[in-house]
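What follows is each chain in one-letter form.
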Amino acid sequence: MKKVLLAMMVFLVLFVGRVMAQEQGSDESYQDLLKNYRTYQALLEVFNTQKSQYLTYQTVESQAELLSSSKNLILTQIDSLTAYATFVKSLLAEATKVLNYKENYLYVMLDEQIAYLESGKNKVLDLSSFTAVNEEASDLQSHYQKISNFGYQSKASIELAGASKILANIKIETDKIKNLLEQRNSDEARVLAAKEKVSGLEKEIREAEDLLNQASNNLKNFTKDQNYVNLSQEIRRLIDQAVEKFSLIVAGEKDIVFSLK
Amino acid sequence: MIFLAAAFLLGMILIFSFVKRRSSEVAIFLPLPKSEPSRLALPSPTSTIAPEILQIENDLSLIENDIGKLKKEDRRLVPPSFVFDLNLQ
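Conventions adopted
- Residues numbered from 1 in each chain as written.
- Chains lettered and ligands numbered in written order.
- Predicted model: local features only at pLDDT ≥ 70, side-chain atom pairs only at ≥ 80, totals over all residues.
- Heavy atoms only, no water.
- Helix = DSSP H or I, 4+ residues; strand = E, 2+ residues; numbered from the N terminus.
- Rg over C-alpha atoms; globule rule 2.2 N^0.38 Å.
- Buried < 20%, exposed > 50% of the residue type's maximum accessible area, 1.4 Å probe, protein only.
- Contact = heavy atoms within 4.5 Å.
- Areas by Shrake-Rupley, 256 points an atom, 1.4 Å probe, with all protein chains shown as cover.
- Lys, Arg positive; Asp, Glu negative; His and termini not counted.
- Charge placed at Lys NZ, Arg CZ, Asp CG, Glu CD.
- Expected span 1.5 Å × (residues − 1).
- Domains from an automatic or database assignment.
- Buried area = accessible area lost by both parts, 1.4 Å probe.
- Salt bridge = Lys/Arg side-chain N within 4 Å of Asp/Glu carboxyl O.
- Polar contact = N/O pair within 3.5 Å; in protein donor to acceptor, adjacent residues only side chain to side chain.
- Phe/Tyr/Trp six-rings, centres within 6.5 Å; stacked < 30°, edge-to-face > 60°.
- Lys NZ or Arg CZ within 6 Å of the ring centre and 35° of its normal.

Trainee: What should I look at first to understand the overall build of chain A in this one?
Mentor: Each helix and strand in chain A was counted, giving 8 helices and 0 strands. Seen in sequence order, chain A has helices and strands lined up from the N terminus as α-α-α-α-α-α-α-α. In terms of C-alpha radius of gyration, chain A reaches 27 Å, well past the compact-globule figure of 18 Å for 261 residues. The proportion of buried residues among the 261 residues of chain A is 42%. In chain A, of all internal contacts separated by at least 6 residues, the share reaching a separation of at least 24 is 76%. By element, 55% of the accessible surface of chain A is carried by carbon and sulfur atoms, the whole surface being about 14600 Å². Charge centroids of chain A, computed over 31 positive and 35 negative side chains, lie 4 Å from each other.

Trainee: I tried to follow helix H7 (residues 189-220) of chain A on my own but got confused; where do I start?
Mentor: Residue and element names in this part refer to chain A. Helix length check: H7 (32 residues) gives 47 Å between terminal C-alpha atoms against 46 Å at 1.5 Å per residue, within 8%. Restricting attention to buried positions, one finds in H7 the residues Val191, Ala194, Val198, Leu201, Glu204, Ile205, Ala208, Leu211, Leu212, Ala215, Asn218 and Leu219. Buried residues belonging to H7 abut helix H6 (130-183) and helix H8 (228-259).

Trainee: Is there a simple way to think about the domain arrangement of chain A in this case?
Mentor: Often, the extent of an interface is quoted as the loss of accessible area upon association of its parts. Residues and elements named next belong to chain A. With domains assigned, chain A is organised as domain 1 (2-148) and domain 2 (161-259). Here the C-alpha centre of domain 2 lies 42 Å away from the C-alpha centre of domain 1. Opposite the 5 residues of domain 1 that make contact, domain 2 presents 4 residues. Of the roughly 350 Å² buried at the junction of domain 1 and domain 2 (both faces included), carbon and sulfur atoms supply 72%. Across the contact surface, domain 1 and domain 2 share 0 salt bridges.

Trainee: When you look at the side chain of A:Asn36 in this model, what are you seeing that I'm missing?
Mentor: Residues and elements named next belong to chain A. Tracing the chain through its elements places Asn36 in helix H2 (residues 26-57). Reaching out from Asn36, the side chain makes a polar contact with the backbone oxygen of Asp32 at a distance of 2.9 Å. Those residues within four positions of Asn36 in sequence are excluded, and the remaining contacts are Asp79, Ser80 and Ala83.

Trainee: Before we go on, may I ask you to explain the interface of chain B and chain A in this structure?
Mentor: Residue-level contacts link 30 residues of chain B with 57 residues of chain A. When the two sides are added together, the surface that chain B and chain A hide from each other amounts to roughly 4100 Å², 70% of it contributed by carbon and sulfur. Put simply, chain B and chain A have 6 salt bridges between them. The salt bridge partner of B:Arg76 is A:Asp27, with a shortest N-O separation of 3.3 Å.

Trainee: Mind showing me how you'd approach the packing of aromatic side chains here?
Mentor: The description of an aromatic ring pair rests on the distance of the ring centres and on the angle between the ring planes. Considering all chains together, one arrives at 9 aromatic pairs over all chains under this definition. For the ring pair A:Tyr144 and B:Phe84, a centre distance of 5.1 Å and an interplane angle of 45° mean the geometry is tilted. Here A:Tyr144 is found in helix H6, whereas its partner B:Phe84 is found in the segment after helix H2 (51-71) on a different chain. Comparing A:Tyr144 with B:Phe84 shows no difference in burial state: the two are buried. When the centroid spacing of 5.8 Å and the interplanar angle of 40° are considered together, the rings of A:Tyr152 and A:Tyr228 count as tilted. You can see A:Tyr152 sitting in helix H6 and its partner A:Tyr228 sitting in helix H8, a full 76 residues away along the chain. When its relative accessible area of 10% is taken as the criterion, A:Tyr152 is described as buried. Here the aromatic cluster, defined as three or more aromatic residues joined through ring pairs, consists of A:Tyr37, A:Tyr40, A:Tyr144, B:Phe82 and B:Phe84. Across from the ring centre of A:Tyr30, 5.3 Å away, lies the NZ or CZ of B:Arg76, which sits over that ring.

Trainee: Is there a simple way to explain the environment of A:Glu118 in this structure?
Mentor: Along the chain, A:Glu118 turns up in helix H5 (residues 104-125). For the pair A:Glu118 and A:Thr76, spaced 42 residues apart in the sequence, the C-alpha separation amounts to 12 Å.

Trainee: For this particular structure, what's the right way to read unusual backbone geometry?
Mentor: Where the residue is not glycine, phi is negative for most of them; where a peptide bond is considered, it is trans in most cases. Positioned with a positive phi, A:Gln58 is a non-glycine residue whose angle comes to about 55°. In this structure, A:Gln58 sits in the loop between H2 and helix H3 (60-94). A:Gln58 gets classed as partly exposed once you look at its relative accessible area, which sits at 48%. Phi is positive for B:Asn87, which is not a glycine, with a value near 50°. By secondary structure assignment, the location of B:Asn87 is in the segment after H2.

As structure tokens, this is what we get:
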């Protein structure tokens, strides 16, 4: 009876722990990533020291130590990459409202990579030669590039979705202001000036929309283009330009609304 | 010991006599001066600004908050770098 109770308690603790881990927010996931990456950096130093010792002495002992050290290094690379992929997933989950389920593809792809990394850990433990370690590291690099691509793609998607949401809201407010101006006495000088200002702001809105369309087209190239770092930077540059226009438009609309008080 | 007991008794007698004297005093209540109405004009419960204008102003402030958030680039999504070329021979 006691054993059954104990087993149930252990199951409950593990189950609750797993559920809580799944519901980890992006801040917690990022802390987890930092922790894993610091461990990796520490082990990289150990690896470099042992590599230089091996190259100097070429002994069996130093070779064995280097092999063990390189395996540990790859294991922490896997942990850091898993933590990074999990962090990207948590950010995507938090941005679901603005992304409108466009992130599903990235989510599935990241899950695939996490599953590969999990299975790769056992493989690393069985590595018994430098050649095998080199091959494993090279294989891991190709997965790192895929995960990085998904990371940059997620970053661009979240930023673009946020900017598109702002643009949609600005358009709604502009329409409201135009309706308000239609209801006012059109002979009034202030109303005339406000109408002119609105048409100027509408031009800015169209330009901001063009910038976001360009960014959206660039986002589609993520699957084709290998140079995803540059692609992500280009999308951010376009979004920054659109954001400048947004600030200008909102300031102009605030001025119009103030004049109508 | 006797001195302490005597001092305690004396203290008790003094407290009792003080309380008794206070309770027998006649309490006088002075009427409070009448408060004058404030000279400041109180705001009307109905605002003079059209509700649509207030709504637009509020919406624009919310949009400004969103713009502020977007201005700060989330660099945390930039993947960390690793050494993959271990070059073991």
